[in-house]
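Residue-level listing of the chains:
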Amino acid sequence: MSWRADILTLFPAMFPGPLGESLAGRALEAGTWSLKVTDIRDFGLGRHRAVDDTPFGGGAGMVLRPDVMDAAIGTVSDNRPLIFLTPRGTPLTQAKVRKLAAGPGVILACGRFEGIDQRVIEARQGQEVSIGDYVLSGGELPALVLLDAVIRLLPGVMGHAESSTEESFSEPLLEYPHYTRPALWDGHAVPEVLTQGNHAAIAAWRREQSIVTTQNRRPDLYLQYIATGAQAP
Ligand code: SAH
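These figures come from a predicted structure and were not determined experimentally.

**Some words on the site of the ligand**
Taken together, 20 residues form the shell around the ligand, and within it Leu85, Gly111, Glu114, Tyr134 and Leu136 come nearest. One nitrogen or oxygen atom from the main chain of Thr86 is found 3.3 Å from a nitrogen atom belonging to the ligand. Coverage of the ligand by the protein chains reaches 86% of its 560 Å² of free accessible surface. The site holding the ligand turns out to be the largest pocket.

Quick look at the structure:
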């Protein structure tokens, strides 16, 4: 059985979008994963198919109605995790991505406007997930981001050439930097250790680069790394 993604959105034309290309696109064609997009508007109310209303308590913007969202969710809901994309959610991590890839699929609800009525999120026992500390105009790009991260981990999607074992976040560390030919480019040489064929020295250099880069750029991750009992470089 292939890994199944359902998307609930007001903008179905945004899918598969970039996921129709490259690795994910080929895997979609091969049936490694499947995608079903549901237009929330189909469940809108009245002649104008209204999906939103003004917020209780006042304030700017509109909120997606729980009755409309619930009807849309009801048509796709099964044993798969239901995720609401929202900046209020817990951060998307590689650990969460791996867990999703190991399961049967996912149902993703994309918000718009100010977001979705909290009652339907709770009643449907959805998880709330954020892709980062910034605000986008809708949940569609976050849904594509989440799916891209998951699909590349599905069995058979990445070839050996794109192996995922050593990359960033497989430990709480950023990856080391990469270099390719030419060895001397525009006066800039690649780090000498990489050209000398000493595999132990290369591994040690890459490890140190990972640790130092993480310490400089991501002190939060570095603390996690140290907490694993690892040594400073
Ligand atoms: N008023 C909300 C932002 C709404 S943005 C707030 O301040 O929290 C509109 C929609 O875009 C959201 O419902 C959500 O689905 C999506 N969205 C925006 N930023 C996001 C992020 N960083 N991660 C996940 N979804 C996001």
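**Concerning the layout of surface pockets**
The rolling of a water-molecule-sized probe over the atoms marks out the regions of remaining empty space. Its boundaries defined by the atoms lining it, the largest pocket holds a volume of some 800 Å³. If you trace the largest pocket, you find 36 residues lining it, with Val63, Glu114, Gly115, Ile116 and Asp117 closest to the centre. Sorting the residues of the lining of the largest pocket by element identifies strand S4 (63-64), helix H2 (66-74), strand S5 (82-91), helix H4 (118-123) and strand S7 (127-130) as the ones contributing at least two each. Of the pockets and cavities examined, the second largest pocket occupies roughly 630 Å³. Lining the second largest pocket are 22 residues, and of these Pro91, Leu92, Thr93, Gln94 and Phe169 sit closest to its centre. Looking at the lining of the second largest pocket, the elements that each hand over two or more residues are S5, helix H3 (94-101), helix H5 (140-151) and helix H7 (219-227). Looking at side-chain class alone, the lining of the second largest pocket contains 10 nonpolar, 7 polar and 5 charged residues. Residue assignment places the lining of the second largest pocket across two domains, with domain 1 (3-151) and domain 2 (167-227) each supplying three or more.

**Here's the deal with the packing of helix H6 (residues 199-217) against H7**
Relative orientation and spacing of two packed helices are given, respectively, by the angle between their axes and the distance between those axes. It is at 6 Å that the axes of H6 and H7 come closest, and there the two elements cross at 130°. Classified by the interaxial angle, the pair formed by H6 and H7 is oblique. Each of Arg207, Ile211, Thr214, Gln215, Asn216 and Arg217 in H6 lies in contact with H7, whose residues at this interface are Pro219, Leu221, Tyr222 and Tyr225. Split by residue class, the contact of H6 with H7 holds 5 nonpolar, 3 polar and 2 charged.

**A short note on the domain arrangement of the chain**
Each assigned domain of the chain is listed here: domain 1 (3-151) and domain 2 (167-227). One C-alpha centre belongs to domain 1, the other to domain 2; they are set 36 Å apart.

What counts, and where the lines are drawn
Residues numbered from 1 in each chain as written. Predicted model: local features only at pLDDT ≥ 70, side-chain atom pairs only at ≥ 80, totals over all residues. Heavy atoms only, no water. Near = heavy atom within 4 Å. Polar contact = N/O pair within 3.5 Å; in protein donor to acceptor, adjacent residues only side chain to side chain. Areas by Shrake-Rupley, 256 points an atom, 1.4 Å probe, with all protein chains shown as cover. 1 Å grid on protein atoms, 1.4 Å probe; cavity = no way out; pocket = protein on both sides within 12 Å on 5 of 7 lines; lining within 4 Å. Sits in = over half its atoms within 2 Å of the grid points. Points joined across faces, edges and corners; volume = space filled by probe spheres on them. Helix = DSSP H or I, 4+ residues; strand = E, 2+ residues; numbered from the N terminus. Nonpolar A, V, L, I, M, F, W, Y, C, P; charged D, E, K, R; others polar. Domains from an automatic or database assignment. Axes fitted to C-alpha atoms, helices over the stretch in contact; angles between N-to-C directions. Parallel < 35°, antiparallel > 145°, perpendicular 65-115°, else oblique. Contact = heavy atoms within 4.5 Å.

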